[in-house]
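# Chains, contacts and geometry: an overview
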Amino acid sequence: MIVVMRPGATTMQINEVLDRLGTFNLKGELSQGEERVVIGVLGAPIPAGLGQALEALPGVEKTLRITAPYKLASREFHPLDTVVRVRDVEIGGNELVVMAGPCSVESRDQLLRTAEGVRERGAKLLRGGAYKPRTSPYAFRGLGEQGLELLAEARERTGLAIVTEVMTPADVPVVGQYTDVFQIGARNMQNYLLLEEVGRTDKPVLLKRGLAATIEEWLLAAEYIMAQGNRQVILCERGIRTFETATRNTFDLNAVALVKRLSHLPVIADPSHGTGKWYLVPPLSLAAIAAGADGLIVEVHPDPDRALSDGAQSLTLENFGRLMQQAQAVAQALGRSLTPEPLSTI
Ligand code: PEP
Ligand code: MN
């Protein structure tokens, strides 16, 4: 349930609502809108008749039941866009944010070259997997903690914040020592113990949509993280499995636009995994921006043919630079900004 206060409701009136909720062991979470305060009610069960009783209090305009099974993640609960801050970058505001880097951290030289290259072309975060979920157990599975050390070195040199995947609850402390953003991979979207573990940290979480997850299941996965206290969740559409085999996945543009409506959380598009083909990454990146994405996460490799994972979907630095220019034009057409200039902190 949410309690919508009248414009200009006083602190005393708001507190009265909170006190009343408290008597039923319910918690109220305030969300300050442009005109009015909305109070989200957390906890269960919500007694019958509570809505009517609250509507009788001064300053209360109305109460509404939230019909979606996710609460904290829903836009009804929190009408204004959430902006997630990562170091000095804001994700979910008017400016679009691009995260770029290799699929896997392979070597010091590969990572530093990519980091410098994507920074020069306007990326604000560096991506790179150190713990890789691979379909085959015989494929390259990442450098582990050594990869995390290289990411930290790249951050030191470039000023780019880091986003990297954590695969198990046990790895959350070690990955948390290095990363700025925890990435939850598609295969782990419903690993509820992992979601709760990152939910207990104070670092932002990039939550990828599962390979065959519905939008509701995806938002419920975000709810698992948020229910533990961590409200800094960034949703990432990375394509879903359909009957189509011409592309690696079917990049779901519907989801990008719909989730912006259903949720207040920022949405980032991953057209690299969404398509599996490097030459489809630029057009789908631009389409995702047009559909309302708050940014992109793109795989970039200095020599895609020699990549140890996902080379076929990785852009060269040159192609990434071209995409950034086009992305800026699309963003501007929509009244948003995207700056292909390097971070000014260096
Ligand atoms: C990745 O980002 O390299 C990755 C493994 O992505 P996903 O979990 O979306 O497959
Ligand atoms: Mn990858």
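These numbers come from a predicted model, not from an experiment.

Let us look at the coordination of the manganese ion (ligand 2). Metal coordination angles have textbook ideals: 109.5 degrees for a tetrahedral set of four donors and 90 or 180 degrees for an octahedral set of six. At 2.1 to 2.4 Å from the manganese ion (ligand 2) lie its protein donor atoms, namely Cys103 (SG), His273 (NE2), Glu299 (OE) and Asp310 (OD). For the manganese ion (ligand 2), the donor residues sit on a single chain with the sequence spacing C-x169-H-x25-E-x10-D. With histidine 273 in helix α9 (residues 271–275) and glutamate 299 in strand β14 (residues 295–299), this residue pair connects regions lying 26 residues apart in the sequence. Overall, the relative accessible area of 0% leaves glutamate 299 in the buried class.

Next up on the list: helix α4 (residues 145–158). For an α-helix, 3.6 residues make a turn, and residues three or four places apart therefore share a direction. In a regular helix each residue adds 1.5 Å, so 14 residues correspond to 20 Å; α4 covers 20 Å between its end C-alpha atoms and thus fits that length. Of all the positions in α4, only Gly147, Leu148, Leu150, Leu151, Ala152, Ala154, Arg155 and Thr158 are classed as buried. Just past α4, the residue glycine 159 takes up positive phi, approximately 85°.

Strand order in the open sheet formed by 4 strands is β2-β3-β1-β4, with antiparallel pairing between adjacent strands. Because the sheet does not close on itself, it has two edges, and the strands there are β2 (27–32) and β4 (60–64). Averaged over neighbouring strand pairs, the angle between their axes works out to 25° when direction is ignored. Of the strand pairs in this sheet, strand β1 (residues 2–5) and β4 are connected by 4 bridges, and their pairing is antiparallel. Within the sheet, the bridge partner assigned to isoleucine 2 lies in β4 and is leucine 64. Against the sheet, helix α1 (residues 11–22) touches β1, β2, β3 (37–42) and β4, its axis set at about 10° to β3.

This brings us to the site of ligand 1. All residues in the neighbourhood of ligand 1 are listed as Cys103, Arg127, Lys132, Glu165, Gln183, Gly185, Ala186, Arg187, Lys208, Arg238, His273 and Glu299. Lysine 208 has a polar side-chain atom sitting 2.9 Å from an oxygen atom of ligand 1. Within the side chain of glutamate 299, one N or O atom sits 3.2 Å away from an oxygen atom of ligand 1. Isolated, ligand 1 exposes 290 Å² of accessible area, and the fraction of that covered by the protein chains is 98%. Of the residues belonging to the shell around ligand 1, the class tally is 2 nonpolar, 3 polar and 7 charged.

Look at helix α3 (residues 108–120) against α4: their axes get within 10 Å of each other, and the N-to-C directions meet at 35°. Crossing of α3 against α4: the hand is right-handed. In this structure, α3 uses Arg108, Leu111, Leu112, Ala115, Glu116 and Arg119 to contact α4, whose residues at the interface are Leu150, Leu151, Glu153, Ala154, Arg157 and Thr158. A per-class count over the contact of α3 with α4 returns 6 nonpolar, 1 polar and 5 charged.

The complete set of buried residues in helix α10 (residues 281–290) reads Val281, Pro282, Ser285, Leu286, Ala288 and Ile289. One side of α10 carries all its buried residues, which in axial view fall inside an arc of 160°. With its phi angle positive at about 110°, glycine 292 sits one or two positions after the end of α10.

What follows concerns the packing of aromatic side chains. This model, assessed by the stated rule, comprises 2 aromatic pairs. With centroids separated by 4.2 Å and ring planes inclined at 25°, the aromatic side chains of tyrosine 192 and tyrosine 224 adopt a geometry described as stacked. Placement of the pair is tyrosine 192 in helix α6 (residues 192–199) and tyrosine 224 in helix α7 (residues 215–227), with a sequence separation of 32 residues. Judged by its relative accessible area of 33%, tyrosine 224 is partly exposed. Ring centres of tryptophan 278 and tyrosine 279 lie 5.7 Å apart, and the angle between their planes is 85°; on these two criteria the pair is classed as edge-to-face.

A few words on the environment of alanine 186. Considering the arrangement of structural elements, one finds alanine 186 in the loop between β10 (181–184) and α6. Through-space distance from the C-alpha of alanine 186 to that of serine 337 is 29 Å; in sequence the pair is 151 residues apart. The contacts of alanine 186, once residues within four sequence positions are left out, are Lys208, Arg209, Gly210, Leu211 and Arg238.

Below, the discussion takes up the sheet that holds strand β12 (residues 233–237). Across a sheet, paired strands are connected by hydrogen bonds in the backbone, their directions being either parallel or antiparallel. Judged by pairing direction, the barrel is parallel, and its 8 strands sit side by side in the order β7-β8-β9-β10-β11-β12-β13-β14 before closing back on the first. The mean angle between the axes of side-by-side strands here comes to 25°, regardless of whether they run parallel or antiparallel. Sheet topology places strand β7 (residues 97–101) next to β14; 5 bridges connect them, and they run parallel. Across the sheet, residue alanine 100 finds its bridge partner in β14, namely valine 298. Its contacts with the sheet put α4 on β8 (125–127) and β9 (161–165), and the angle it makes with β9 is roughly 160°.

Analysis parameters
Residues numbered from 1 in each chain as written. Chains lettered and ligands numbered in written order. Predicted model: local features only at pLDDT ≥ 70, side-chain atom pairs only at ≥ 80, totals over all residues. Heavy atoms only, no water. Donors = N, O, S within 2.8 Å, 3.2 Å for Na, K, Ca; no water. Helix = DSSP H or I, 4+ residues; strand = E, 2+ residues; numbered from the N terminus. Buried < 20%, exposed > 50% of the residue type's maximum accessible area, 1.4 Å probe, protein only. Expected span 1.5 Å × (residues − 1). Pairing = 2+ DSSP bridges. Axes fitted to C-alpha atoms, helices over the stretch in contact; angles between N-to-C directions. Contact = heavy atoms within 4.5 Å. Near = heavy atom within 4 Å. Polar contact = N/O pair within 3.5 Å; in protein donor to acceptor, adjacent residues only side chain to side chain. Areas by Shrake-Rupley, 256 points an atom, 1.4 Å probe, with all protein chains shown as cover. Nonpolar A, V, L, I, M, F, W, Y, C, P; charged D, E, K, R; others polar. Left-handed = near helix turned anticlockwise from the far one by under 90°. Arc of directions from axis to C-beta. Phe/Tyr/Trp six-rings, centres within 6.5 Å; stacked < 30°, edge-to-face > 60°.

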